[in-house]
Amino acid sequence: MPARLSPADPAAVAEALARQERGPADLKLLSKHFLAVLADRAPGRSVEVRVPPYAAAQVIEGVRHTRGTPPAVVETDPQTWIALATGALEWSTAVDEGRVRASGERTDLAPYLPLVEVAP
């Protein structure tokens, strides 16, 4: 089971979001932050959302997963996850373009996204 994530310091998140070029430290901070925000807004353990290599979180109410490969998995890269979380990319577009892999029940995260709106 993934460790419980906590949202990052708002100032650190704002700084990382403001950078045009995000390095690995920014991607890690933002990936973990937005997974924590999702876990707070959609508590549960029926879907595992993975953003390798940085973090994973179990979210959304339903059948609880306890060991082995979860029956419902969403996986994407950090850049795509940050774009989805900030509203820069729509869920359906990311899925259609193959930037998100989602399998199992309750893996449509569209109702929970974006997690924050960022001004263009």
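Residues numbered from 1 in each chain as written. Predicted model: local features only at pLDDT ≥ 70, side-chain atom pairs only at ≥ 80, totals over all residues. Heavy atoms only, no water.

**Q** Help me understand the packing of helix α1 (residues 10-18) against helix α2 (residues 24-41), please; the structure alone is not making it clear to me.
**A** A pair of packed helices is captured by two measures, namely the crossing angle of their axes and the spacing between those axes. Interhelical geometry of α1 versus α2 gives an angle of 125° and a closest axis separation of 10 Å. Compared by their axis directions, α1 and α2 come out oblique. At the point where α1 passes α2, the crossing takes the left-handed sense. In this structure, α1 contributes Ala 12, Val 13, Ala 16 and Leu 17 to the contact, and α2 contributes Asp 26, Leu 29, Leu 30, His 33 and Phe 34. For the contact of α1 with α2, the residue count by class is seven nonpolar, one polar and one charged. (Axes fitted to C-alpha atoms, helices over the stretch in contact; angles between N-to-C directions. Helix = DSSP H or I, 4+ residues; strand = E, 2+ residues; numbered from the N terminus. Parallel < 35°, antiparallel > 145°, perpendicular 65-115°, else oblique. Left-handed = near helix turned anticlockwise from the far one by under 90°. Contact = heavy atoms within 4.5 Å. Nonpolar A, V, L, I, M, F, W, Y, C, P; charged D, E, K, R; others polar.)

**Q** What is the right way to look at the environment of Ala 25 in this model?
**A** Mapped onto the secondary structure, Ala 25 falls in helix α2. Spatially, the C-alpha atom of Ala 25 lies 16 Å from that of Ala 83, the residues being 58 residues apart in sequence.

**Q** Hey, could you run me through the pairing of strand β1 (residues 47-51) in this one?
**A** Each regular strand displays side chains that alternate between the two surfaces of the sheet. Burial runs high along β1: four of the five residues are buried. Counted between consecutive antiparallel strands, the loop separating β1 from strand β2 (residues 55-59) contains three residues. (Buried < 20%, exposed > 50% of the residue type's maximum accessible area, 1.4 Å probe, protein only. Pairing = 2+ DSSP bridges.)

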